[in-house]
Amino acid sequence: MHEFSITMNVLNIVEENAMELNAEIVHEIEMDVGELSGVDYDALNFAMQHTKKSELLEHANLVINRIPAKARCKACKHEFDIKDYYTACPDCNHFDHDIIQGKELRVKAIKID
Ligand SMILES: [Zn+2]
């Protein structure tokens, strides 16, 4: 489950930022996680709950923004929702497309005091 290593990275990033801002406590960690990021949302929540955290982070609540996946057809430029990389364009059935949204995996914001 690679969500544990992602969680470790996220907690390190958040801790560094929180310390730079002289935070005493982190209340919330908000993340953007795309449907095509390869991250399992439940596994990420589980990993976050079961990773040992510093005092600064132990009460932080994880909020995940699920970003739906979208692609743009290279043939006709139509934009459409996709569930995986192998979805054909609904307009022209072309398989060649650019992913324009859904691969996000980032910390968007933190709430601190
Ligand atoms: Zn198309």
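Quick summary incoming for the structure in this document. Note that the structure is predicted; figures quoted are calculated from it, not measured.

## Thoughts on the overall build of the protein
Secondary structure assignment for the protein yields two helices and six strands. Helices and strands in the protein line up, N terminus first, as α-β-α-β-β-β-β-β. The C-alpha radius of gyration computed for the protein amounts to 17 Å, which surpasses the reference 13 Å derived for 113 residues by more than 25%, pointing to a less compact arrangement than a globule. C-alpha atoms of the protein, sized along the principal axes, occupy 55 × 25 × 15 Å. Considering the protein as a whole, with its 113 residues, one finds that 36% of them fall into the buried category. Across the protein, the fraction of contacts at a sequence separation of at least 24, relative to all contacts at a separation of at least 6, is 70%. About 7100 Å² of surface is accessible on the protein, with carbon and sulfur atoms providing 47% of the total. Here the protein contributes 12 positive and 21 negative side-chain charges, whose respective centroids are spaced 6 Å apart.

## What about the packing of helix H1 (residues 3–20) against helix H2 (residues 41–50)?
Put simply, H1 and H2 touch, their axes get as near as 9 Å, and they point 60 degrees apart. Viewed along their axes, H1 and H2 adopt a mutual orientation that is oblique. Along this stretch, H1 crosses H2, giving a crossing that reads as right-handed. Here Glu 3, Phe 4, Ile 6, Thr 7, Val 10 and Leu 11 of H1 lie close against H2, whose contacting residues are Ala 43, Leu 44, Phe 46, Ala 47, Met 48 and His 50. Tallied by class, the residues present in the contact of H1 with H2 amount to nine nonpolar, two polar and one charged.

## Examining the packing of aromatic side chains
As enumerated under the stated definition, the model contains one aromatic pair in all. Plain terms: the ring middles of Phe 4 and Phe 46 are 6.3 Å apart, the flat faces sit at 90 degrees to each other, and that makes the pair edge-to-face. Taken together, the positions of Phe 4 in helix H1 and Phe 46 in helix H2 put the pair 42 residues apart, joining distant regions of the chain. By relative accessible area, Phe 4 is classed as partly exposed at 30%. Stacked on the ring of Tyr 41, the Lys or Arg Arg 66 has its end atom at 4.1 Å from the ring centre.

Parameters and conventions
Residues numbered from 1 in each chain as written. Predicted model: local features only at pLDDT ≥ 70, side-chain atom pairs only at ≥ 80, totals over all residues. Heavy atoms only, no water. Helix = DSSP H or I, 4+ residues; strand = E, 2+ residues; numbered from the N terminus. Rg over C-alpha atoms; globule rule 2.2 N^0.38 Å. Buried < 20%, exposed > 50% of the residue type's maximum accessible area, 1.4 Å probe, protein only. Contact = heavy atoms within 4.5 Å. Areas by Shrake-Rupley, 256 points an atom, 1.4 Å probe, with all protein chains shown as cover. Lys, Arg positive; Asp, Glu negative; His and termini not counted. Charge placed at Lys NZ, Arg CZ, Asp CG, Glu CD. Axes fitted to C-alpha atoms, helices over the stretch in contact; angles between N-to-C directions. Parallel < 35°, antiparallel > 145°, perpendicular 65-115°, else oblique. Left-handed = near helix turned anticlockwise from the far one by under 90°. Nonpolar A, V, L, I, M, F, W, Y, C, P; charged D, E, K, R; others polar. Phe/Tyr/Trp six-rings, centres within 6.5 Å; stacked < 30°, edge-to-face > 60°. Lys NZ or Arg CZ within 6 Å of the ring centre and 35° of its normal.

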